[in-house]
Amino acid sequence: MKAAAATAPPATASRALGARTLAVHLLAVTATALVLLWCIGFRGGLAFRSANKQQIFNVHPPLMLIGFLVIGGEAILAYRVPLRSTATRAARKKAHLAMHALALAVAGVGVYAVFKYHAETKIPNLYSLHAWLGIATVALYAVQWLAGFLAFFFPGAAPETRRAAVPWHAVAGILVFALAVGTAQLGFLEKMTFLQTAHLVSKYGAEALLVNCTAVVVLLLGVAVVLATVDVDKTRHAADVAV
């Protein structure tokens, strides 16, 4: 009786997973809307070429967020609901691979934008912790994608090697995603510190509040992706807690 009660029905587990996945989607949309509101509404808009060099920098935050955290987060969830019940494993693997490639490409354009901004404003490159971790994130993301492509897609490793590599690939992917979330937090902090030190933004003004709220939503997005990815099996430890 107790063992049966401890076993959650599949429908219940599916609904819980669906709710966590929905939370990821909502937080991703909210984070994207907030960072665009900041860069367009408060910082003057987006442009790759402009006399206002701030507009060139403004391309960087949305693309890094959309690339690594929004598209990258969705790629991580490609093996979860709703695709899990409606698509074949081969289709989900291709979606996972393609979305991660798109995430890397979008983030690459974001990195290009910030280097372009630094070049045109004579600002040194790669002097801050945010920049160091950002480059590390891009490099590790690329290595992770390439390793996954070679091992699981083409030419493909031996079946026993793939089975052994899957958990390591999954853990490494989550760690790189977490690094991207942490780097984003440092980016928000660094930019607001510059603006407040130059007395361009009030410490308690609307823009400071918006950026802080955006950073919190991005952090929650990262947590939601991890919670939607992990598979908590309540039956696995049922025997340990049974009386």
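Residues numbered from 1 in each chain as written. Predicted model: local features only at pLDDT ≥ 70, side-chain atom pairs only at ≥ 80, totals over all residues. Heavy atoms only, no water.

Caption draft 1: Representation of unusual backbone geometry in the model. Here the residue pair Phe 154 and Pro 155 is connected by a cis peptide bond, since its omega of 0 degrees sits within 30 degrees of zero. Here Pro 155 lies in the loop between helix H7 (129–153) and helix H8 (159–197). Backbone geometry at Leu 126 places phi at a positive 55 degrees, although glycine is not the residue there. Position of Leu 126 relative to the elements: it lies in the loop between helix H6 (89–121) and H7. One non-glycine residue, His 199, lies in the positive phi region at around 60 degrees. Here His 199 is to be found in the loop between H8 and helix H9 (206–229). (Helix = DSSP H or I, 4+ residues; strand = E, 2+ residues; numbered from the N terminus.)

Caption draft 2: View of the confidence of the model for the protein chain. Per-residue confidence for the protein chain gives a mean pLDDT of 88; residues scoring 70 or more make up 86%. Low pLDDT, under 50, characterises residues 1–9; the predicted model gives this stretch five contacts beyond four residues in sequence or across chains. Contacts of residues 233–243 to residues separated by more than four positions or lying in other chains number five contacts, the stretch itself having pLDDT below 50. (pLDDT = per-residue confidence, 0-100. Contact = heavy atoms within 4.5 Å.)

Caption draft 3: Main features of the packing of aromatic side chains. Applying the stated criterion across every chain, the model contains six aromatic pairs. Each residue in the set Trp 145, Phe 149 and Phe 153 is aromatic and connected to the rest through ring pairs, giving one cluster. If you follow Lys 191 out to its NZ or CZ, it ends over the ring of Phe 57, 4.1 Å from the centre. (Phe/Tyr/Trp six-rings, centres within 6.5 Å; stacked < 30°, edge-to-face > 60°. Lys NZ or Arg CZ within 6 Å of the ring centre and 35° of its normal.)

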